[in-house]
Amino acid sequence: REILEKHNNDKKSEAVKKLFWLGMIDYNSSVASARANDFTSAIIHLKNMRNRLEEAINIEPEFYDAYLPIGLSNFAFAEVPAALKWAANLVGFNSDRELGLQYLQLVSEKGSILKTDAQFYLSQIYSRVIIEHQEADKILTKLTKNFPKNLLFNYSAAWIKYELNDLSSSEKILGNILASDGKNFSYIISNSHLLLANIFFAKEIYDSALVHYQLFRDNRVNND
């Protein structure tokens, strides 16, 4: 942040990029604060992020990447408890669920730096919040085609195939994940065992289900 703030450049494109990266720093700082349960600090960082990115958009409306953090914050805060919304309103931070979704769709279609990020976020919103599994499946099919070795995209694709009751496709994807060198992605590997166990359970192949439930239990990162 200090390096960016000391770097003065009057060129329009450089000014927009500077605002964008400062805004992204504020966005990441808000995530860190929220994970530390410091919600006041998180809201202040989000407010600063929005001010910087809205200024960047005012200068260059077609700098589409700047819409992503604004869209995410709009959508996320539309889903939080009323007490947290009240705290956000105190510092002038308002949320609009539909606008947030529109911004995510915009970046997923026209973004540059954050286009792939927007597509993945959008797939998760469709699969976990809005519950439009067919739309999530379309996005994840494209992502896994473009990034076949990305384990996160593949796990998400397997999960949505499971939700769509396409158990064979989900099982095949999970088999590829577990056969990969995923030692640095312990959450994905352990949860792949859990999802695969659920598939075998649904198919009434209980011995195989038990094996993978035990593998999940022994290697779990979360407490599902």
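What counts as what
- Residues numbered from 1 in each chain as written.
- Predicted model: local features only at pLDDT ≥ 70, side-chain atom pairs only at ≥ 80, totals over all residues.
- Heavy atoms only, no water.
- Helix = DSSP H or I, 4+ residues; strand = E, 2+ residues; numbered from the N terminus.
- Buried < 20%, exposed > 50% of the residue type's maximum accessible area, 1.4 Å probe, protein only.
- Contact = heavy atoms within 4.5 Å.
- Areas by Shrake-Rupley, 256 points an atom, 1.4 Å probe, with all protein chains shown as cover.
- 1 Å grid on protein atoms, 1.4 Å probe; cavity = no way out; pocket = protein on both sides within 12 Å on 5 of 7 lines; lining within 4 Å.
- Points joined across faces, edges and corners; volume = space filled by probe spheres on them.
- Nonpolar A, V, L, I, M, F, W, Y, C, P; charged D, E, K, R; others polar.
- Core = buried A, V, L, I, M, F, W, Y, C linked by side-chain atoms within 4.5 Å.
- Expected span 1.5 Å × (residues − 1).
- Axes fitted to C-alpha atoms, helices over the stretch in contact; angles between N-to-C directions.
- Left-handed = near helix turned anticlockwise from the far one by under 90°.
- Salt bridge = Lys/Arg side-chain N within 4 Å of Asp/Glu carboxyl O.

## Observations regarding the overall build of the chain
Consideration 1: The helix and strand tally for the chain stands at 12 helices and zero strands.
Consideration 2: Classification of the 224 residues of the chain by burial places 41% in the buried group.
Consideration 3: A fraction of 52% describes how many contacts in the chain between residues 6 or more apart in sequence connect residues 24 or more apart.
Consideration 4: As presented, the chain carries roughly 12800 Å² of accessible surface, and 51% of it is formed by carbon and sulfur atoms.

## Digging into the layout of surface pockets
Consideration 1: In this structure, the largest pocket spans a volume of roughly 670 Å³.
Consideration 2: For the lining of the largest pocket, the secondary-structure elements that each account for two or more residues are helix H2 (12-35), helix H3 (39-59), helix H4 (67-78) and helix H7 (115-130).
Consideration 3: Among the elements that make up the lining of the largest pocket, the one with the highest residue count is H2 (six residues).
Consideration 4: Among the residues making up the lining of the largest pocket, the classes are represented as 16 nonpolar, four polar and two charged.
Consideration 5: As for the second largest pocket, its lining consists of Gln105, Ser108, Glu109, Gln119, Leu122, Tyr126, Glu135, Lys138, Ile139, Lys142 and Leu143.
Consideration 6: Those elements that place two or more of their residues in the lining of the second largest pocket are helix H6 (97-110), H7 and helix H8 (133-146).

## Digging into the nonpolar core
Consideration 1: Within the largest apolar cluster, 51 residues are counted, with the highest numbers of intra-cluster contacts made by Phe20, Leu68, Tyr155, Leu174 and Ile177.
Consideration 2: The element contributing the most residues to this core is helix H9 (residues 151-163), with seven residues.

## Details of H3
Consideration 1: The end-to-end C-alpha distance of H3 is 30 Å, a good match for the 30 Å that 21 residues give at a rise of 1.5 Å each.
Consideration 2: Those residues of H3 that sit buried are Ser41, Ala42, Ile43, His45, Leu46, Met49, Arg50, Leu53, Ala56 and Ile57.

## Looking at the environment of Lys12
Consideration 1: Here Lys12 shows up in helix H2.
Consideration 2: By relative accessible area, which is 48% here, Lys12 ends up partly exposed.
Consideration 3: Sequence separation of Lys12 and Ala56 is 44 residues, and the distance between their C-alpha atoms is 9.6 Å.

## A few points about the side chain of His212
Consideration 1: In this structure, His212 sits in helix H12 (residues 206-219).
Consideration 2: Judged by its relative accessible area of 14%, His212 is buried.
Consideration 3: The contacts of His212, once residues within four sequence positions are left out, are Leu178, His193, Leu196, Ala197 and Phe200.

## Observations concerning the packing of helix H10 (residues 167-179) against helix H11 (residues 186-202)
Two measures define how a pair of helices packs: the angle their axes make with one another and the distance between the axes.
Consideration 1: Between H10 and H11, the least distance of the axes is 10 Å, while the angle of their chain directions is 150°. Of the two elements, H10 crosses H11, and the hand of that crossing is left-handed. Residue-level contacts link Leu167, Ser170, Glu171, Leu174, Ile177 and Leu178 of H10 to Ile188, Ile189, Ser192, His193, Leu195, Leu196, Ile199, Phe200 and Ala202 of H11.
Consideration 2: Taken together, the residues of the contact of H10 with H11 sort by class into 11 nonpolar, three polar and one charged.

## Let's talk about the pattern of salt bridges
Consideration 1: Taken as a whole and assessed by the stated rule, the structure comprises seven salt bridges.
Consideration 2: Where Lys12 meets Glu60, a salt bridge forms, and the shortest distance between an N and an O atom there is 3.6 Å. Of this pair, Lys12 sits in helix H2 while Glu60 is found in the loop between H3 and H4, placing the two residues 48 residues apart along the sequence.
Consideration 3: For the salt bridge of Arg217 with Asp218, the shortest nitrogen-to-oxygen distance reads 3.4 Å.

## Overview of unusual backbone geometry
Consideration 1: One non-glycine residue, Asn37, lies in positive phi territory at about 65°.
Consideration 2: As for its position among the elements, Asn37 is in the loop between H2 and H3.
Consideration 3: A residue is classified by how much of its surface remains accessible, and Asn37, at 59% relative accessible area, is exposed.
Consideration 4: Non-glycine residue Asn165 carries a positive phi angle of around 65°.
Consideration 5: Along the chain, Asn165 turns up in the loop between H9 and H10.

## So, the environment of Ser208
Consideration 1: With respect to the helices and strands, the residue Ser208 is situated in helix H12.
Consideration 2: Taking the C-alpha atoms as reference, Ser208 lies 7.0 Å from Ala197; in sequence the two are 11 residues apart.

## Re the environment of Val16
Consideration 1: Among the secondary structure elements, Val16 is positioned in helix H2.
Consideration 2: When its relative accessible area of 3% is taken as the criterion, Val16 is described as buried.
Consideration 3: Setting aside residues up to four positions removed in sequence, Val16 forms contacts with Ala56, Ile59, Glu60 and Phe63.

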